[in-house]
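A structural walkthrough
The primary structure of each chain is shown beneath.
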Amino acid sequence: MSTCSVSKGCFVFKPSPKKRRVSQKPGNYFGEGKNESEDAQLRFVICQSLWNQIKLQTEQIQEDLNKQLFDNLVNFLRQSHSEYQKKTTEWTCRMKSREIPTAALVLGVNVTDHDLTFRSISEVLQNNVTPYIALLEGKDCPGIKNLMQKLMGQLMNCYIDVDSVEDEDYVQVSQNRVRCSMTSLINWYKSVTKTLKKTDSETPSRKRASSSRHCQSPLVVVIFKDMESFTTKVLQDFIVISSQHIHELPLVLIFGIATSPMIIHSLLPHSVSSLLCIELFQSLSCKEHLSTLIDKLLLTDQFPFKLGEKVLRVLINIFLYHDLSVQNFIKGFQICVVEHFYSQPLSILCCQLEDIKKRVNALGHDQCENIRRLPSFRRYVENQVSEKQIALLTADDFLKIRELHCACLENRVWEIEEYESSLQLARMLNKSDLVTMLQQCVEIFVSSSGKEFDKTVEKLKEFLTQFQQLEVAEAFQDQDVSVSSQKELQKKTDLYHLQKTLLELKESRRSKKLTKFEMLRFEVVDYIDSLVRKYLVPADHKTLHEIMYFNTASVLREHMNAAPRIALHTALNNPYCYLKNQALKSDGGGISNKAPDICIAYRLHLECGRLINLVDWLEAFSTVVTAAEGPNADASSSDQVDDVVHARFIRAVSELELLGFIKPSKQKTDHVARLTWGGC
């Protein structure tokens, strides 16, 4: 290609397509290393299909949980919109007092989940209320000028229904050509609404139906995603300016609050907060979201994949003690799914019951050997008779199974103290509470798929019938006892005989036998206890539980619990661990001159004390870097460090200072102080 030109210019040479690196498909990673020939592609397909189902379910759960909040918010905005449209007395009063309709949305301290919530709110409002919505963050709005730029930039690029706007001259106004001020925003809004009214009057009724969701004068909604992050002056200036133009611009504010609604009065003085007509909206707590997710994803037979006790405990501990983020919990759950299907060759059997039989029949000899290596299968074989043991260990056809066990994640719950306490409490329940508990048990068993709980449901219904029969019988018995007791008390009128009679009644109540209700109550509690011991067996006690349950907590901790200290030390001390370059491998613990400069400087600084002499450090660095030149190097290099090496050393030291390993020392100007953790 010729680069001759009359004038100076920049010439771009694009690389040949053959030299471009072809990105590897995600499914190919399942076939690397030890998983190369063990149905890796099938496991990837199953993993992807399963996670897509779980993802759809989680989105549906979160949508259902937020539905009430979104409906209330839409009604609030529609009410504000209707008041502006009808010019009612209340809106007129609000215009006179310059009040801005404001929704205070309390979302909780799980800030990492707020982005998804606001995206959902924006989508709902665009579909039902107005297309003009702006999402503002405190980090992007250090001043009122930046806020107006972000606001107008988002509003002028809002979605407009193409079918509802036939005028081709109606185009989005470039932000660069508009002065970012409230006057410019009002002029833009007037031009937009004028165009909408004109189009609405000229458009036939059948086309107008597509744009009926938005009125001729739609609201302008400004969402402050993180109100606590905005400076007080920016909020004050924007609210004061907006209140002066509320009669020209139907503005509605939404404050995203992570702490408490009192933050509004803490950030804004009374003169500014009085310009807001605030209505409070409270979202469900993140703990309620998590409980619902666990109930719908883990405590159900809809998905064959389950979490082991240790893994679930790690995820819940991260949620409770780190971020309270439901989204991070879902990401951790996704990591568990991927890791299980990647590391467990037998995960091809982690599927729905209707597909298990076909896949079991297709198992090869190597996969059957993988089953025989499972610890749970070995325990199962040890409990069988000798003939069956031989068949299980040698015959592949005898080994193949048709059903997989389901079990809960807890340990033996009947051995813990809390379970004993709950049983004691159940033995003291009154009849109404006990009947309610039995009805809930019946509902749970009826909702379960399969017919294995039919006998259990019949037994529980039989208990409910016995309680109903007791209710009638005890009513007559109590009436007879009360009448006889009153007659006895009426016979003895003096104090001595009255006290004696009361003591006798009290003693008789202590020594009397159990009533029919008490006997039935003990029977019900014992039966429920037997159900717990039968069905809530720990997962690791079930045969082949490794296929369905992921219980490698160490892998999950490695991905979820970041350890920057260890990772940083490993990367700088042994760069081969991450770069996988054979030239960086050093068996003797020496420092390779092929290592990055920062790694060489880091290894050398570990050998120094609290204060490091920069001159000595530079000489050692130069010695390591120039070691490859050998003894025939220029003699002058031993007296003076090369400028390039000097520059590399300065850059490496600056990077270590940026990472916090060293800092300048005030004691000696040519020294730096170590800030690292001893000899780690």
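These notes cover the structure that comes with them. (Residues numbered from 1 in each chain as written. Predicted model: local features only at pLDDT ≥ 70, side-chain atom pairs only at ≥ 80, totals over all residues. Heavy atoms only, no water.)

Moving on to the overall build of the protein. Check the secondary structure of the protein and you find 29 helices and 10 strands. Here the protein holds 680 residues, and 39% of them are scored as buried. Across the protein, contacts joining residues at least 24 apart in sequence account for 73% of those joining residues at least 6 apart. Of the roughly 41100 Å² that the protein leaves accessible, carbon and sulfur atoms contribute 52%. (Helix = DSSP H or I, 4+ residues; strand = E, 2+ residues; numbered from the N terminus. Buried < 20%, exposed > 50% of the residue type's maximum accessible area, 1.4 Å probe, protein only. Contact = heavy atoms within 4.5 Å. Areas by Shrake-Rupley, 256 points an atom, 1.4 Å probe, with all protein chains shown as cover.)

Opposite charge on two side chains makes pairing possible when the charged atoms of those side chains draw close. Inspection of every chain in the model, using the stated rule, returns 10 salt bridges. Ionic contacts of the salt-bridge type, sharing partners, join the residues D115, E137 and K225 into one network. (Salt bridge = Lys/Arg side-chain N within 4 Å of Asp/Glu carboxyl O.)

Right, let's get into the sheet that holds strand 4 (residues 251–257). Here 5 strands make up an open sheet; going across it, the order is 2-3-4-1-5 and the pairing parallel. Because the sheet does not close on itself, it has two edges, and the strands there are strand 2 (132–136) and strand 5 (276–282). Strand after strand, the sheet turns through a mean of 20° between neighbouring axes, direction not considered. Sheet topology note: the strand 1 (residues 100–106)/strand 5 ladder contains 7 bridges and is parallel. Paired with P101 across the bridge in strand 5 is C277. Taken strand by strand, helix 4 (residues 144–155) contacts strand 2 and strand 3 (220–224), and its axis lies near 140° from that of strand 2. Along the sheet face, helix 7 (residues 232–244) touches strand 1, strand 3, strand 4 and strand 5 and points at about 160° away from the line of strand 4. (Pairing = 2+ DSSP bridges. Axes fitted to C-alpha atoms, helices over the stretch in contact; angles between N-to-C directions.)

Packed helices, taken two at a time, are described by their axes: the angle between them and the distance between them. In contact at an axis separation of 12 Å, helix 19 (residues 431–447) and helix 22 (residues 516–535) are set at 30° when each is read in the N-to-C sense. What the angle tells us is that helix 19 and helix 22 run roughly parallel. Crossing handedness for the pair helix 19 and helix 22: left-handed. Residue-level contacts link K431, L434, M437, L438 and F445 of helix 19 to F517, R521, V524, I528 and L531 of helix 22. (Parallel < 35°, antiparallel > 145°, perpendicular 65-115°, else oblique. Left-handed = near helix turned anticlockwise from the far one by under 90°.)

Counting 51 residues, the largest nonpolar core has I54, F305, L307, F333, C336 and V337 as its most contacted members. Ignoring sequence-local partners within four residues, the contact set of F305 consists of L50, F333, C336, V337, H340, C350, M548 and F550. M148, M152, L185 and I246 belong to the second largest nonpolar core, which has 41 residues in total. (Core = buried A, V, L, I, M, F, W, Y, C linked by side-chain atoms within 4.5 Å.)

Right, let's talk about the pairing of strand 3 for a bit. Most of strand 3 sits inside the fold, with 5 of its 5 residues counted as buried. Pairing analysis gives 5 bridges linking strand 2 to strand 3, with the strands arranged parallel. Each residue of the ladder has a partner; that of Y132, found in strand 3, is V220. Examined bridge by bridge, strand 3 and strand 4 share 5 bridges and lie parallel to one another. Looking at the pairing, F224 lines up with F255 of strand 4. Once you follow strand 3 into helix 7 and on to strand 4, the crossover reads as right-handed. (Right-handed = clockwise from strand over helix to strand, strands pointing away.)

The subject of this paragraph is helix 24 (residues 553–560). When we look at burial in helix 24, the residues that qualify are A553, V555 and L556. Along the axis of helix 24, the buried residues cluster in a sector spanning 160°; they form a single face. Where the residues of helix 24 are buried, they touch helix 11 (309–323) and helix 12 (326–343). (Arc of directions from axis to C-beta.)

This part takes up the sheet that holds strand 9 (residues 662–664). Ordered in space as 8-10-9, the 3 strands form an open sheet in which the pairing is antiparallel. At either margin of the open sheet sits one strand with a lone partner, and together these are strand 8 (611–613) and strand 9. Sheet twist, expressed as the mean angle between neighbouring strand axes with direction ignored, is 35°. Where strand 8 and strand 10 (residues 671–674) come together, 3 bridges link them in antiparallel fashion. Residue pairing for strand 10: N613 is matched across the bridge by H671. In this fold helix 28 (residues 614–625) packs onto strand 8, strand 9 and strand 10, with an angle of close to 60° to the strand it touches most, strand 8.

This brings us to a negative patch on the surface. On the surface, E59, E63, D64 and E123 cluster together into a patch of negative charge. Ranked by the residues each element gives to the negative patch, the list is headed by helix 1 (residues 40–86), at 3 residues. With respect to the helices and strands, D64 occurs in helix 1. (Patch = residues over 30% accessible without salt bridge, like charges linked within 9 Å, V, L, I, M, F, W, Y side chains within 5 Å. Lys, Arg positive; Asp, Glu negative; His and termini not counted. Charge placed at Lys NZ, Arg CZ, Asp CG, Glu CD.)

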